[in-house]
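This is what each chain is made of:
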Amino acid sequence: MMKRYPKSHLLIISITAAFIGLVLLVSPSEDASARRSEQALQLPSSLIEQLKVSQENFIAPATIENWHTVTVKEGDSLTALFLRAGLTEQDVHHITQAAKKYKKTNLHRLRPGQTISVVIKNGQLQKLRHAKTRLHSTLFMRSKNGYTAEEIIRIPDTQAHFAAATLESSLFLAGQKAGIPQKTIMELANVFGGVIDFILDPRKGDHFTALYEEQFLDGEKIATGNILAAQFINRGKTHTAVRYVDAHGQVGYYTPDGVSMRKAFLRAPLDFARISSSFNLQRKHPIHNKIKAHRGIDYAAPTGTPVVSAGDGRVVRAGYNKANGNFLVVQHGQQYTTKYLHLSKRHVKKGQKVSQGEMIGRVGSTGWATGPHLHYEFLVNGVHRNPRTILDKLPKAKAINAGEMAAFKQTISPLIAQLSTHQEWLAYTP
């Protein structure tokens, strides 16, 4: 007679039995498991050969190199710099010989801020990298016959950046407020310098936009590049300039119709100043208190303000005298001459060629001067003329020739469209 158990016990027994049966059903026997293992190891011979080849060609990961870097300081000698990097005088000799042999770099002309990086292994110099800039370096590598040298040039990533500003007082201050680099502001003034006198023409409310390059290296901004396109609205009149490289490789800025923005002369030889004394043949001299013709324009500006050449030419005089202080005279072809007086410093010498917009000196108060300013004169065939009015009588700007107009239009079209798109977006931004 079968013994009776409580229902709860019978339920536990049933569940346990079902579980054991399921395990036995699913789990293979030891023999079956062994057979499957043997089958898994029996790979096709062709696959085995491929695995052998892959193993033979396997390249181990490169060993991480430990670079040690030192920065060139003022007064550093090459030997002192190398010793600080952990090198020997013998290393100095070997590297300098390699530099002469390959003519890649002159290590005797190190400049503060440059870096020397080395890799030393087992007490021997394996590699040395001389970084002149973040983009230009020379790599020396140990070989059986001494050291070889390789020049490394890195190309930064270039992106177009848009900026806009409205004048409250000056172009310079408006540009600074908009976050535009000082170098780009100066270039912007130079681009429009033939059509706008930035001393007298700008008015509060004038507006400008610019599309210019920014350069990045490893995700970090390192420099500002060229202005690609720009627009300046002065007293309600719109001036548009686009950068273009012509068939001869000459870089210039043009209107959308192909007329050069570059005139024969800039309207002012410095960008940010004020006129303290105009061209006046009946002016009373402020020092001598006598009527003495003022055959130029005085631009009052802080000492050190850059002064640029109004046009292409050659320096025919550069010197100092009691009346004019430090002065420069630039000859522009056969007809035109410009003079720059009372400079604090001259940056060019007699006989030197200069380009329009090139800095030739700095504002000062040398000679007979009551304060820091630039006295600027303009002569035509030896006769003094008013610099502000004579420019409108000079030859007109050149234009893109007809044969190149199609290429010009094709090149500038995307830049004009990009500038317009940014302007439209700015207009609709609350």
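Residue numbers run consecutively from 1 along every chain, following the written order of its sequence. In view of the model being predicted, local features appear only for residues whose pLDDT reaches at least 70, and side-chain atom pairs are presented and counted only at 80 or more, with totals across whole chains, interfaces and linings using the full set of residues. The side-chain numbers reported here are obtained from all heavy atoms of the structure, hydrogens and water having been left aside.

Asks: Help me understand the sheet that holds strand β2 (residues 115-121), please; the structure alone is not making it clear to me.
Replies: Each strand in a sheet pairs with its neighbour through backbone hydrogen bonds, running either in the same direction (parallel) or in the opposite one (antiparallel). Pairing between strands is defined by DSSP: at least two bridges between the two strands are required. Helical segments are the DSSP runs of H or I of at least four residues, strand segments are the runs of E of at least two, and each set is numbered from the N terminus. Taken together, the five strands give an open sheet; going across it, the order is β1-β2-β3-β4-β5, and neighbouring strands pair in antiparallel fashion. With one partner strand each, in any of the chains shown, β1 (68-71) and β5 (146-153) form the two edges of the open sheet. Taken pair by pair, the neighbouring strands of this sheet meet at an average axis angle of 20°, ignoring direction. In this structure, strand β3 (residues 124-131) lies alongside strand β4 (residues 136-143), joined through five bridges in antiparallel fashion. Only the stretch in contact is used when fitting a helix axis, every axis being a line fitted to C-alpha atoms; angles between N-to-C directions are given from 0 to 180 degrees.

Asks: Please clarify how the sheet that holds strand β10 (residues 251-254) should be interpreted in this entry.
Replies: Read from one edge to the other, the open sheet built from five strands follows the order β6-β7-β8-β9-β10, with strand pairing classed as antiparallel. The open sheet has two edge strands, β6 (157-166) and β10, and neither has a second partner. Between one strand axis and the next, the sheet turns by 25° as a mean value, whatever way the strands run. By the bridge criterion, ten bridges tie strand β7 (residues 207-217) to strand β8 (residues 220-234) in an arrangement that is antiparallel. Looking at β8, one finds that leucine 217 is bridged to glutamate 220. Packed on one face of the sheet, helix α7 (residues 182-191) meets β7, β8, β9 (237-245) and β10 and runs near 35° to β8. In what follows, a contact means two residues having at least one pair of non-hydrogen atoms within 4.5 Å.

Asks: Explain the pairing of strand β18 (residues 359-363) to me, please; I cannot follow it from the model alone.
Replies: Taken residue by residue, a regular strand's side chains alternate between the two faces of the sheet. The pairing of strand β13 (residues 306-308) with β18 spans three bridges and is antiparallel. Bridging from a neighbouring strand, valine 308 pairs with methionine 359 of β18.

Asks: What am I meant to see in the environment of glutamine 356 here?
Replies: Here glutamine 356 shows up in the loop between β17 (353-354) and β18. Residues glutamine 356 and leucine 266 lie 90 residues apart in sequence; the distance between their C-alpha atoms is 7.6 Å. Sequence-distant contacts of glutamine 356, that is, excluding residues within four places in its chain, are made with Arg262, Lys263, Ala264, Phe265, Leu266, Ser309, Ala310, Gly311 and Asp312. Under this definition, polar contacts are N or O atom pairs within 3.5 Å; protein pairs additionally need one hydrogen-donor-capable and one acceptor-capable atom, and for neighbouring residues in sequence, both atoms have to be side-chain atoms. A polar side-chain atom of glutamine 356 sits 2.8 Å from the main-chain carbonyl oxygen of lysine 263.

From the geometry alone we can't say anything about function, so treat these as descriptive.
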